[in-house]
Amino acid sequence: MGCVCSTGVKHTPGYEDPALLAKETPFTVSEVEALYELFKNLSSSIINDGLIHKEEFQLSLFRNRNRRNLFADRIFDLFDLKRNGVIEFGEFVRSLGVFHPNAPVEDKITFAFRLYDLRRTGFIEREELKEMVIALLHESDLALSEDIIETIVNKTFSDADINGDGKIDEDEWKQFVAKNPSLIKNMTLHYLKDITLAFPSFVLSSEVEESEI
């Protein structure tokens, strides 16, 4: 299954040439090579098969394979570009590339839209937004009353649902984010700009303070 190159080095399933990935993402070749070292660590944390399974993704996000969260599930689903239940190296690099400080803002806006579009209908519906708000609050260990959550959802739809059809399409989302850029602040992970082969215990985490999320 793994690719065996002329040097006799066995790569993980789905391995892609770092030079190719560097052309398609904001990363340099050396940064892609560093990400491969990270990928190998993550993909062998529970099941040593060179693929990142959802439990391993959970472990990397929360250091707890049993802590289920809609936010983490959605991120995993969007990284899993082939929708085959695992994340391969190429998918890992391309998806992380969206979070790079130099990635196009349009890519970040689109990724965020897809994150909220839970049922892949091409729209963000009121219940989807509410589910994600609750999940993000849970991830941040914040507890808000049902009334406050409803207020957040209602205010968002009041501002974003321009045509008043009860759902937010991608164009409406883009306009809404343009007026509220802080909505995609967590779509940029600044430490991705400083990846080297000597990275310290690099762990994907929405709670890492030094990432300036």
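Residues numbered from 1 in each chain as written. Predicted model: local features only at pLDDT ≥ 70, side-chain atom pairs only at ≥ 80, totals over all residues. Heavy atoms only, no water.

Participant: Could you give an account of the overall build of the protein chain, with specific residues and numbers?
Facilitator: From N to C terminus, the protein chain includes nine helices and four strands. Along the protein chain, helices (α) and strands (β) appear in the sequence α-α-β-α-α-β-α-α-β-α-α-β-α when read from the amino end. Taken across its 213 residues, the protein chain has 44% of its residues classed as buried. For the protein chain, restricting intrachain contacts to residue pairs at least 6 apart in sequence, the fraction spanning at least 24 positions comes to 54%. (Helix = DSSP H or I, 4+ residues; strand = E, 2+ residues; numbered from the N terminus. Buried < 20%, exposed > 50% of the residue type's maximum accessible area, 1.4 Å probe, protein only. Contact = heavy atoms within 4.5 Å.)

Participant: Lay out a nonpolar patch on the surface in plain terms, naming residues and giving numbers.
Facilitator: Residues L144, I148 and I152 make up a contiguous nonpolar surface patch of about 220 Å² in total accessible area. With a relative accessible area of 32%, I152 lands in the partly exposed category. (Patch = residues over 30% accessible without salt bridge, like charges linked within 9 Å, V, L, I, M, F, W, Y side chains within 5 Å. Areas by Shrake-Rupley, 256 points an atom, 1.4 Å probe, with all protein chains shown as cover. Salt bridge = Lys/Arg side-chain N within 4 Å of Asp/Glu carboxyl O.)

Participant: Describe the side chain of S43, naming the residues involved and giving the relevant values.
Facilitator: Note on placement: S43 falls in helix α2 (residues 29-43). A distance of 3.3 Å separates a polar side-chain atom of S43 from the backbone oxygen of K40. In contact with S43, not counting residues within four places along its chain, are N48, D49, G50, L51, I52 and E56. (Polar contact = N/O pair within 3.5 Å; in protein donor to acceptor, adjacent residues only side chain to side chain.)

Participant: Explain α2 to me, using residue names and the numbers behind them.
Facilitator: The end-to-end C-alpha separation of α2 is 20 Å, in line with the 21 Å expected for 15 residues at 1.5 Å each. For α2, every residue scored as buried is listed here: E31, V32, A34, L35, Y36, L38, F39, L42 and S43. (Expected span 1.5 Å × (residues − 1).)

Participant: Pulling in residues and values, what's your account of the environment of L129?
Facilitator: Checked against the element boundaries, L129 lands in helix α7 (residues 126-139). Sequence separation between L129 and I152 is 23 residues, and the spatial gap between their C-alpha atoms is 9.5 Å. If near-sequence neighbours (up to four positions away) are discounted, L129 is found in contact with Y116, I124, V153, T156 and F157.

Participant: How would you summarise the nonpolar core if you had to cite specific residues and measurements?
Facilitator: Counting residues in hydrophobic clusters, the biggest one holds 51 residues, and the most contacted among them are F79, F92 and W173. Within the residue set of this core, elements represented by two or more residues are α1 (18-24), α2, α4 (70-79), α5 (89-97), α6 (105-116), α7, α8 (146-160) and α9 (170-179). Per element, the largest residue contribution to this core is seven residues, and it comes from α2. (Core = buried A, V, L, I, M, F, W, Y, C linked by side-chain atoms within 4.5 Å.)

Participant: Just give me the short version of unusual backbone geometry, but keep the residues and values in it.
Facilitator: Unlike most non-glycine residues, R83 shows phi in positive territory, near 55°. As for its position among the elements, R83 is in the loop between α4 and β2 (86-87). Judged by relative accessible area, R83 falls into the exposed class, the value being 57%.

Participant: So what about the packing of α6 against α9? Which residues, and what values?
Facilitator: Contact geometry for α6 and α9: axes closest at 10 Å, N-to-C directions at 120°. With respect to their mutual orientation, α6 and α9 come out oblique. Remark: the crossing between α6 and α9 carries right-handed chirality. For the pair formed by α6 and α9, the contact residues are I109, T110, A112, F113 and Y116 on the first element and E170, W173, K174 and V177 on the second. Considering only residue class, the contact of α6 with α9 consists of six nonpolar, one polar and two charged. (Axes fitted to C-alpha atoms, helices over the stretch in contact; angles between N-to-C directions. Parallel < 35°, antiparallel > 145°, perpendicular 65-115°, else oblique. Left-handed = near helix turned anticlockwise from the far one by under 90°. Nonpolar A, V, L, I, M, F, W, Y, C, P; charged D, E, K, R; others polar.)

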